[in-house]
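Listed below, chain by chain, are the residues.
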Amino acid sequence: MDKEQLIQALQGIVTQLSQNAEQHRLQAIIFGDQGFNKLREKYDGHAEEEIGFVAQFAQRILDLGGEVKLEDKKAMKIYKDPVEYIKFDLELSKEGLSQLLELVNGSMTEPKTYDLLRAYYEDEEEDKLWSENELELIEKIGEQNWLQSQL
């Protein structure tokens with residue numbers, strides 16, 4: 001992957017992560033309003049992590065001689081049902097991880113970018129595992145019991 005392709009890919013991550021952070025922040029507000037404080041804390045924390053990665057990726061774009069842009073974002077659905085949102089977020093994670101893995105592999109000749117992408121991949125994989133574990137727990141203990149545990 002050449003430098004220009006890498007900058008474009010990083011810009012795509014900045015745009016997508018910015019949008020994801022906004023969505024997670026809004027979901028945190030909605031879940032908090034419903035009394036699900038653990039979910040509010042989870043998604044607030046997730047938004048903060050994403051904003052941290054946005055800053056790191058933006059800096060890397062600048063280091064590579066690129067220009068950081070705030071590109072158009074697509075509309076995203078906001079969920080009232082926490083379980084439905086976790087399912088949605090899990091699918092988003094799966095799609096993102098497969099694309100991100102290609103980018104990680106394509107950046108091996110650029111060590112700083114590779115390390116940053118790998119750290120981001122590991123963070124996203126952890127988030128995917130959390131969603132999978134929560135959905136398994138919902139199956140085992142039932143949705144109402146799980147929701148009660150999120151108060």
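The structure we're discussing is the one just above.
The sections below set out a description of the structure shown in this document. (Residues numbered from 1 in each chain as written. Predicted model: local features only at pLDDT ≥ 70, side-chain atom pairs only at ≥ 80, totals over all residues. Heavy atoms only, no water.)

Attention now moves to the nonpolar core. If you look at the biggest cluster of nonpolar residues, it comprises 19 residues, and the most contacted ones within it are L10, I13, L17, F57, L100, L117 and Y120. When residues of this core are traced back to their parent elements, those giving at least two are α1 (3–33), α2 (37–63), α3 (82–106) and α4 (111–141). Here this core gets six residues from one element, more than from any other, and that element is α1. Setting aside residues up to four positions removed in sequence, L100 forms contacts with I13, L117, Y120 and Y121. Listed in part, the 14 residues of the second largest apolar core include F31, V83, I138 and L147. (Core = buried A, V, L, I, M, F, W, Y, C linked by side-chain atoms within 4.5 Å. Buried < 20%, exposed > 50% of the residue type's maximum accessible area, 1.4 Å probe, protein only. Helix = DSSP H or I, 4+ residues; strand = E, 2+ residues; numbered from the N terminus. Contact = heavy atoms within 4.5 Å.)

For the rest of this paragraph, the subject is the packing of α1 against α2. Packed helices, taken two at a time, are described by their axes: the angle between them and the distance between them. Where α1 meets α2, the closest approach of the two axes is 8 Å, and the angle between their N-to-C directions is 160°. Judged by the angle between their axes, α1 and α2 are roughly antiparallel. α1 and α2 meet at a crossing whose hand is left-handed. (Axes fitted to C-alpha atoms, helices over the stretch in contact; angles between N-to-C directions. Parallel < 35°, antiparallel > 145°, perpendicular 65-115°, else oblique. Left-handed = near helix turned anticlockwise from the far one by under 90°.)

Position of E143 among the secondary structure elements: in helix α5 (residues 143–149). Taking relative accessible area as the criterion, E143 reaches 34% and is therefore assigned partly exposed. On a C-alpha basis, the gap between E143 and L6 in space is 43 Å, while along the polypeptide they are 137 residues apart.

This paragraph deals with empty space enclosed by the protein. In this structure the tally under the stated criterion is one cavity of 30 Å³ or more. If you add up the space inside the largest cavity, you get close to 30 Å³. Along its surface, the largest cavity is lined by K42, Y43, H46, D89, D127, W130 and S131. Elements that contribute at least two residues to the lining of the largest cavity include exactly α2 and α4. Looking at side-chain class alone, the lining of the largest cavity contains two nonpolar, two polar and three charged residues. (1 Å grid on protein atoms, 1.4 Å probe; cavity = no way out; pocket = protein on both sides within 12 Å on 5 of 7 lines; lining within 4 Å. Points joined across faces, edges and corners; volume = space filled by probe spheres on them. Nonpolar A, V, L, I, M, F, W, Y, C, P; charged D, E, K, R; others polar.)

Let us look at the packing of aromatic side chains. What the rule picks out here adds up to ten aromatic pairs. Here Y43 and Y85 contribute two aromatic rings whose centre-to-centre distance is 5.2 Å and whose plane-to-plane angle is 75°, an arrangement assigned as edge-to-face. Within this pair, whereas Y43 is found in helix α2, its partner Y85 is found in helix α3, the two being separated by 42 residues in sequence. Judged by its relative accessible area of 1%, Y43 falls in the buried class. In this structure Y85 comes out as buried when scored by relative accessible area, which is 0%. (Phe/Tyr/Trp six-rings, centres within 6.5 Å; stacked < 30°, edge-to-face > 60°.)

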